[in-house]
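Topology and contacts: notes
Chain by chain, the residues run as shown.
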Amino acid sequence: MAIIEISKLKKSFGSLDVLKQITFDVNKNDVVAVIGPSGSGKSTMLRSLVHLETIEGGSISVDGDYLVKDGVYPKQQDIKQITSKMGMVFQHFNLFPHLTVKENLEVAPRLLKRESLAVISKRSDELLEKIGLANFSNTHPAKLSGGQKQRVAIARALMLNPEILLFDEPTSALDPELTGEVLQVMKDLAEEHMTMIVVTHEMGFAKEVANRVVFMDNGEIVESGSPTEFFENPQFDRTKAFLRRNLK
Amino acid sequence: MAIIEISKLKKSFGSLDVLKQITFDVNKNDVVAVIGPSGSGKSTMLRSLVHLETIEGGSISVDGDYLVKDGVYPKQQDIKQITSKMGMVFQHFNLFPHLTVKENLEVAPRLLKRESLAVISKRSDELLEKIGLANFSNTHPAKLSGGQKQRVAIARALMLNPEILLFDEPTSALDPELTGEVLQVMKDLAEEHMTMIVVTHEMGFAKEVANRVVFMDNGEIVESGSPTEFFENPQFDRTKAFLRRNLK
Amino acid sequence: SDSSSKTGEKAEEKETLVIGIDDKFAPMGFRDENNEIVGFDIDLAKAAAEKMAVEIEFQPIDWKTKEAELNSGRIDLIWNGYTVTDERKEKVLFTKPYLANAQVVVTLADSELSKLDDLAGKVVGLQSLSSASDALAGNPISEDIKTVTEFSDNVTALSDLKSGRLDAVVIDEIVINYYMTTQKDTFKILEEELAPEEYAVGIKKGNEELQNKVQTALDEMNTDGTAEEISIKWLGEDKVLK
Amino acid sequence: MTWDYFISILIPMLEGSKMTILLFLIAIVLSIPLGFLLTLAVKSSFKTLSWLAQIYIYVMRGTPLLLQLLIICFGLPMIPGIGQYLVLDRFVAACLGFVLNYAAYFAEIFRGGLLAIDKGQYEAAKVLGLNKWQTMTRIVVPQMFRIALPSLANESVTLVKDTALLYAVAVPELLHFAQTAVNRDFTIMPFFVAGAIYLVMTLLLTLFFKWIERRYTFE
Amino acid sequence: MTWDYFISILIPMLEGSKMTILLFLIAIVLSIPLGFLLTLAVKSSFKTLSWLAQIYIYVMRGTPLLLQLLIICFGLPMIPGIGQYLVLDRFVAACLGFVLNYAAYFAEIFRGGLLAIDKGQYEAAKVLGLNKWQTMTRIVVPQMFRIALPSLANESVTLVKDTALLYAVAVPELLHFAQTAVNRDFTIMPFFVAGAIYLVMTLLLTLFFKWIERRYTFE
Ligand SMILES: Nc1ncnc2c1ncn2[C@@H]1O[C@H](COP(=O)(O)OP(=O)(O)OP(=O)(O)O)[C@@H](O)[C@H]1O
Ligand SMILES: Nc1ncnc2c1ncn2[C@@H]1O[C@H](COP(=O)(O)OP(=O)(O)OP(=O)(O)O)[C@@H](O)[C@H]1O
Ligand SMILES: [Mg+2]
Ligand SMILES: [Mg+2]
């Protein structure tokens, strides 16, 4: 069952068409890896799902509700309600530097006031435990390594119990040595059947964890399929050229 | 014939022993890839060759002359004469931002006054041609991509006609898409039989271009050998563990 | 009802007059070693306040801004060796003059200058926007003077004379006489004076009521000897204009 | 230079410093919030407001504080017609001048602080469901203040020193009394005493800000 | 407010601005190199020199320029014994005060500029065989100046405004003539004229620096 349906998404910056009629679905519990050269529109696509970009045409529905239908957005309150089902993890973590790790996790749930403070605090402790940073709850982000920061960012997104997690190159700002710990957390989430869309340059992750790979180039989805199909038997020249450059 | 002989190199920062009796030789026309985990002392070793670090014990000789013998350095003028045989390329390029590309290439030769301005200008044009940036000679570095910057940095080092080129992770500050162009320039140099020592995380480069791989861990050289030997049949557990983490 | 209660209040408490002074203008008004404001005009004003049954408060101001201060109403009186001039009469009400003064030229005791003509080509200092500048401007010698430097107070001008940056200072005779008693043999006054003049109290234009009140008090002090007493205290003799 | 003399000149100067300190406190307490409001006005999407705020900041920063003080103190009462209602108490006028002037400087500092905040902070807050007000008060302003702190400290030290301008509007402060004593006693000593007092004040202020900076470091 | 009146107050003020501009030029031309020398002194490995330079900078930045001007102009001649040799021409004294004061500010700015230069620049220069002097003059100083340019611009605007302090040492400048006219004619107009002249001066200066910044951008 498709939890996200994207159809004919269009977006341009000035005269540059960044997304040209993108269409694809994500099923519940899917782990989709989105790959493609720099500037192909991967981030823009991902960001439109949480309304960080306003698109110009096409539709996005999440869990049956339209975030945007034929280029028309509903009212602010509805947008908020729909995007609240998704969490997002950024390339540069975007942790709040003035808050401690625990405060980073709790700031949003506390302000949204859907749960009691006790529940919030309990869950933040559990999540810190899960990502292996229980000892760092009173530390400020500046004191953490890149890998630790990204794990906190994932935990922060999880605090709001999202149904879907979006990742925009979660490991590309990390030293190669530190990507492992972040990928591990993501693998764990995949095993718990979290629905995830991951824009990534990590072919290893795409191969091992994703159950679908989407290849974008120049604002279009060139091809998509299971990792085995995709890596072993790409259909299009553009895909082949890209894989040749990136897999050696 | 060994052009560089390193023996029993010792260096510590405070209580941290960063280099513990490192010994190895580099032959003329060798391309040596130095790999190893973060903090193992690779950069420190490389930097001591050009006297960016002052070592505490051991000897380094270049082309038969001692840069340092049993921890004792000769006088400034001699040090300068010896290090002038080596060029260095840094991870973060370290181009001079206030100078154009051509000026970056020419500033050192012009100040050193060993050659006429005409000769210098001619060579800088040739080198720019060679790295494919002839059209960028009047551009400032800020306008270049990372890959272009690093190619300029290599050309700048070549301007002084070094016998040996040292590279400290020349591609790890680059987007994956841009490493190719830098590696290509390095491959070309290898084919012209330039002697090179390359600290790198790029296993691909180590495999394809290097004729020797040196693995450092914790301030020691754990093992070294030809790439085939090294990658296919590592001798030590530490090497195996490192390769397992870095080759998937 | 509101306004009536206000006037009612006013009748009860004593009115306060704010008197603007230059607290570096000895002996008319200045600070003694205890930083207290003292002087001829200070005593005179205090005595007058008693006669007028008002409270007074001395407000040190920058002399350059005195008319602006008066006009703004932040001070009620200018009373500190304030010279009557025609130009000022257009902006300010004056009482009758109470003291005669003259603008004189002072130099260091060992100076070669001896007459007004000697000022040709010299550097002369004076207090900015004081009657000294009017007096100097009114004399033909002003054409030949090299530079006129304006200070915010007389004391700074005298300091500059002592340190040699100035050749002469145009200053109130009363003021320099006082300094010559405290600092003997430092200064010398040229015999030719620039212009005679008179001190009076300045009141904001339009406030004839206050002008009359102050005038009455001054007249009373003249008759009952208070003024004479103050003059002897500060100037050594009775110089008050009757 | 006897001890007694030293004390006798010190006391009025310390009296004068009270004025300095009082003005400083009033100016800081009022001009920081006013400066922040100006920053918001500059960033406002209501263009006229933004322009007015920018012009205000430009004029305040482009003319001497001394001139502004003279205008407020002596100029306003001279405006025909309404001048008589604009006669402020001398000290109030001085405070007003300082507040209006420093608000412009603080506004610039805060604007710089806002610029230094990464776009990602706003995006993260938005994706976490925070509304604009929450994002501003919980995420942006705390970081802005922290970023602005070193500049605020600098500007505050300048403010302490600028209180010396009070003497132009005849508020008797530190420097005025120093000058009185210098003129009266013909010695340079009181100037040095005044300098020492200023140094102590600026030093204490600097230490205070350093302490705050350490306290609110994000590390 | 007739045209004739406007001209009659404008002329002395423009005369006064000449003084302002002259002082500004002298102060800038002398205090920038002096400030750079101070920076070098602070960074010197000769500890006593470094300490002296730091104390100097601290004192100059921690006390009001007005006080420094008063000391140089009126205080120095009062020093017993040597005072008589320290009587400087009033304008020279003012220039000296400005140069000594602004050199301290510029020194801080340059220090910041040096700090902002990456260690890699020195290393690259060394590996290329440049000696210390060449590295300093060809690599470091040009970058330092470029980095310092926006701060230099700010400080220069402050310098223009600070020339208003000249009136305290009885150098007749712009503001002095404005105040004379205000007091004589009982109108606020001359203050506004003075403000406009200051705005023009600071605007021209800002534009000049913007032009330099664009000209020496590294892009
Ligand atoms: N805010 C913006 N304004 C103008 N152009 C933009 C903006 N954001 C993105 N672009 C342009 O849109 C194109 C697609 O950008 P996008 O970030 O989606 O690519 P990407 O596939 O994520 O690339 P990368 O792998 O480098 O992150 C690029 O050419 C980019 O320069
Ligand atoms: N200037 C210095 N002062 C103190 N410690 C230093 C200094 N330079 C390096 N070190 C330390 O020495 C150790 C070795 O550093 P080095 O840079 O040589 O490692 P590396 O193998 O190059 O690592 P990487 O792959 O991260 O570049 C590290 O622990 C590092 O923190
Ligand atoms: Mg992207
Ligand atoms: Mg390294």
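Criteria and thresholds
- Residues numbered from 1 in each chain as written.
- Chains lettered and ligands numbered in written order.
- Predicted model: local features only at pLDDT ≥ 70, side-chain atom pairs only at ≥ 80, totals over all residues.
- Heavy atoms only, no water.
- Helix = DSSP H or I, 4+ residues; strand = E, 2+ residues; numbered from the N terminus.
- Rg over C-alpha atoms; globule rule 2.2 N^0.38 Å.
- Buried < 20%, exposed > 50% of the residue type's maximum accessible area, 1.4 Å probe, protein only.
- Contact = heavy atoms within 4.5 Å.
- Buried area = accessible area lost by both parts, 1.4 Å probe.
- Polar contact = N/O pair within 3.5 Å; in protein donor to acceptor, adjacent residues only side chain to side chain.
- Nonpolar A, V, L, I, M, F, W, Y, C, P; charged D, E, K, R; others polar.
- Near = heavy atom within 4 Å.
- Areas by Shrake-Rupley, 256 points an atom, 1.4 Å probe, with all protein chains shown as cover.
- Salt bridge = Lys/Arg side-chain N within 4 Å of Asp/Glu carboxyl O.
- 1 Å grid on protein atoms, 1.4 Å probe; cavity = no way out; pocket = protein on both sides within 12 Å on 5 of 7 lines; lining within 4 Å.
- Points joined across faces, edges and corners; volume = space filled by probe spheres on them.
- pLDDT = per-residue confidence, 0-100.
- Least-squares fit on C-alpha atoms with pLDDT ≥ 70 in both.
- Pairing = 2+ DSSP bridges.
- Axes fitted to C-alpha atoms, helices over the stretch in contact; angles between N-to-C directions.
- Phe/Tyr/Trp six-rings, centres within 6.5 Å; stacked < 30°, edge-to-face > 60°.
- Lys NZ or Arg CZ within 6 Å of the ring centre and 35° of its normal.
- Patch = residues over 30% accessible without salt bridge, like charges linked within 9 Å, V, L, I, M, F, W, Y side chains within 5 Å.

Per an unreviewed UniProt entry, chain A goes by the name Amino acid ABC transporter ATP-binding protein (PAAT family) and belongs to Psychrobacillus insolitus.

On to the overall build of chain A. Regarding its fold elements, chain A presents nine helices and 10 strands. In terms of C-alpha radius of gyration, chain A reaches 18 Å, essentially the compact-globule figure of 18 Å for 248 residues. Along the three orthogonal principal directions, the C-alpha set of chain A runs to about 50 × 45 × 35 Å. Burial analysis of chain A (248 residues in total) assigns 57% to the buried set.

Listed by partner, the interface residues are 22 residues for chain C and 18 residues for chain D. In this assembly, chain C packs against chain D so that about 1800 Å² is buried in total across both faces, 52% of it on carbon and sulfur atoms. Put simply, chain C and chain D have four residue pairs in polar contact (both at pLDDT 80 or more) between them. For the side of chain C that touches chain D, the per-class residue count stands at five nonpolar, seven polar and 10 charged.

All names here are of chain B. As a matter of local geometry, ligand 2 sits amid Phe 13, Leu 16, Val 18, Pro 37, Ser 38, Gly 39, Ser 40, Gly 41, Lys 42, Ser 43, Thr 44 and Glu 169. Starting from 640 Å² of accessible surface for ligand 2 in isolation, the protein chains cover 59%. For the shell around ligand 2, the elements supplying multiple residues, two or more each, are strand S2 (16-27) and helix H1 (42-49). The leading source of residues in the shell around ligand 2 is H1, at three residues. Grouping the amino acids of the shell around ligand 2 by side-chain chemistry returns four nonpolar, six polar and two charged.

Further remarks concern the pattern of salt bridges. Inspection of the entire model under this criterion finds 50 salt bridges over all chains. Among the ionic pairs, Lys24(C) bridges to Asp153(C), the shortest N-O distance being 3.8 Å. With Lys24(C) in strand S2 (residues 24-25) and Asp153(C) in the loop between strand S10 (147-151) and helix H6 (154-163), the pair connects residues that are 129 residues apart, well separated along the chain. Asp153(C) matches Lys24(C) in its accessibility class, with the two residues each being buried. Salt bridges sharing common partners tie together Arg47(A), Glu53(A), Lys119(D) and Glu123(D).

With the rule as written, the count across this model stands at five cavities of 30 Å³ or more. Empty space within the largest cavity amounts to approximately 250 Å³. Around the largest cavity, the lining comprises 21 residues; the ones closest to its centre are Lys24(C), Asp62(C), Ser152(C), Asp153(C) and Tyr167(D). For the lining of the largest cavity, the class distribution of residues is 11 nonpolar, four polar and six charged.

Residues and elements named next belong to chain C. Summing up the model confidence of chain C, the mean pLDDT is 87 and the portion of residues at 70 or higher is 95%. Throughout residues 1-11 the model reports pLDDT below 50, and contacts reaching past four residues in sequence, or to other chains, amount to zero contacts. Scored as a complex, the prediction yields pTM 0.84 and ipTM 0.81.

The next thing to look at is the site of ligand 1. Residues and elements named next belong to chain A. Near ligand 1, the surroundings consist of Phe 13, Leu 16, Val 18, Pro 37, Ser 38, Gly 39, Ser 40, Gly 41, Lys 42, Ser 43, Thr 44 and Glu 169. Contact distances for ligand 1 include 2.6 Å between an oxygen atom and a side-chain N or O atom of Ser 38. Separating an oxygen atom of ligand 1 from a backbone N or O atom of Gly 41 is a distance of 3.0 Å. Isolated, ligand 1 exposes 630 Å² of accessible area, and the fraction of that covered by the protein chains is 59%. Counting residues per element, the ones that place at least two in the shell around ligand 1 are strand S2 (16-27) and helix H1 (42-49). Take the shell around ligand 1: its biggest share by element is three residues, from H1. Counted by class, the shell around ligand 1 contains four nonpolar, six polar and two charged residues.

Aligned on chain D, chain E shows an RMSD of 0.1 Å; the corresponding rotation is 180° and the shift along the axis is 0.1 Å. Within this description, the copies of the chain are treated as partners about a two-fold rotation axis. By residue overlap, the copies meet face to face through one surface: 100% of the interface positions of chain E are interface positions in chain D.

Residue and element names in this part refer to chain B. Spatially, six strands are ordered S6-S7-S8-S3-S9-S10 in an open sheet, and the strand pairing comes out mixed. Sheet topology places strand S6 (86-89) and strand S10 (220-225) at the edges, where each strand pairs with a single neighbour. Going across the sheet, the axis of each strand differs from the next one's by a mean of 20°, ignoring polarity. In this structure, strand S3 (residues 31-35) lies alongside strand S8 (residues 195-199), joined through four bridges in parallel fashion. Of the residues in S8, the one forming a bridge with Val 32 is Ile 197. In the packing of helix H5 (residues 146-158) onto the sheet, contacts are made with S6 and strand S7 (164-168), and the angle to S6 comes to roughly 170°.

Bringing the packing of aromatic side chains into the picture now. This structure, assessed with the given rule, holds 29 aromatic pairs over all chains. Both rings, one in Phe230(A) and one in Phe231(A), keep their centres 5.2 Å apart while their planes meet at 90°; by these two values the pair is edge-to-face. In this pair, the class of Phe230(A) matches that of Phe231(A), namely buried. Through a chain of ring-to-ring contacts, three or more aromatic side chains come together here, namely Phe215(A), Phe230(A), Phe231(A) and Phe242(A). Lying across the ring of Phe96(A), Arg156(A) places its NZ or CZ 4.6 Å from the centre. Its end group placed over the ring of Tyr216(D), Arg215(D) keeps NZ or CZ at 5.2 Å from the ring centre.

Here we take up a nonpolar patch on the surface. Together, Trp51(D), Ile55(D), Tyr58(D), Val59(D), Val200(E), Leu203(E), Leu204(E) and Leu207(E) make up a nonpolar patch on the protein surface, roughly 750 Å² of accessible area in all. Along the chain, Val200(E) falls in helix H8 (residues 189-215). With relative accessibility at 46%, the residue Val200(E) sits in the partly exposed group.

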